[in-house]
Amino acid sequence: VKPMTPRCTVPKAVPVGKTASLHCYESEGYPKSTYSWYRNSEPLSPDTKSNAKFQNSSYTLNPTTGTLVFHAVHKGDTGRYSCIATNDAGFAKCEEQEMEV
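Residues numbered from 1 in each chain as written. Predicted model: local features only at pLDDT ≥ 70, side-chain atom pairs only at ≥ 80, totals over all residues. Heavy atoms only, no water.

J.: Can you explain the pairing of strand β5 (residues 59-62)? Please cite residues and give values.
T.: Of the two faces of β5, only one is covered, namely that formed by Tyr 59 and Leu 61; the face formed by Thr 60 and Asn 62 stays uncovered. Adjacent in sequence and paired antiparallel, β5 and strand β6 (residues 67-70) are bridged by four residues, among which Gly 66 carries a positive phi angle near 80°. (Buried < 20%, exposed > 50% of the residue type's maximum accessible area, 1.4 Å probe, protein only. Helix = DSSP H or I, 4+ residues; strand = E, 2+ residues; numbered from the N terminus. Pairing = 2+ DSSP bridges.)

J.: Outline the environment of Val 1, listing residues and values.
T.: Mapped onto the secondary structure, Val 1 falls in the segment before β1 (7-9). Residue Val 1 is classed as exposed on the basis of its relative accessible area, which comes to 59%. Considering only alpha carbons, one finds Val 1 and Lys 32, 31 residues apart in sequence, at a separation of 9.2 Å. Not counting chain neighbours up to four residues away, the residues in contact with Val 1 comprise Glu 28, Gly 29, Tyr 30, Asn 87 and Ala 89. (Contact = heavy atoms within 4.5 Å.)

So this is what it looks like as structure tokens:
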């Protein structure tokens, strides 16, 4: 079963240095969906260490739960975030939401 449009929660404004949690979830897809996050339409790597572009970012992305947590946000984390739920039957994307740091 193709995933439904996921519900995404993105904080509107976060002070520099604080923690920010972004959530993405949908329950209709079968098999269970995996989640990927995008900032300004660019995919966020689940592994920040292996990707030079994201080495300065302090976030953890859990593809199974759809949770994206920034441990200490900085100005560069400001942007439009969206999430895609994917399974064998297809994918669905939530609306982009702005997060300001």
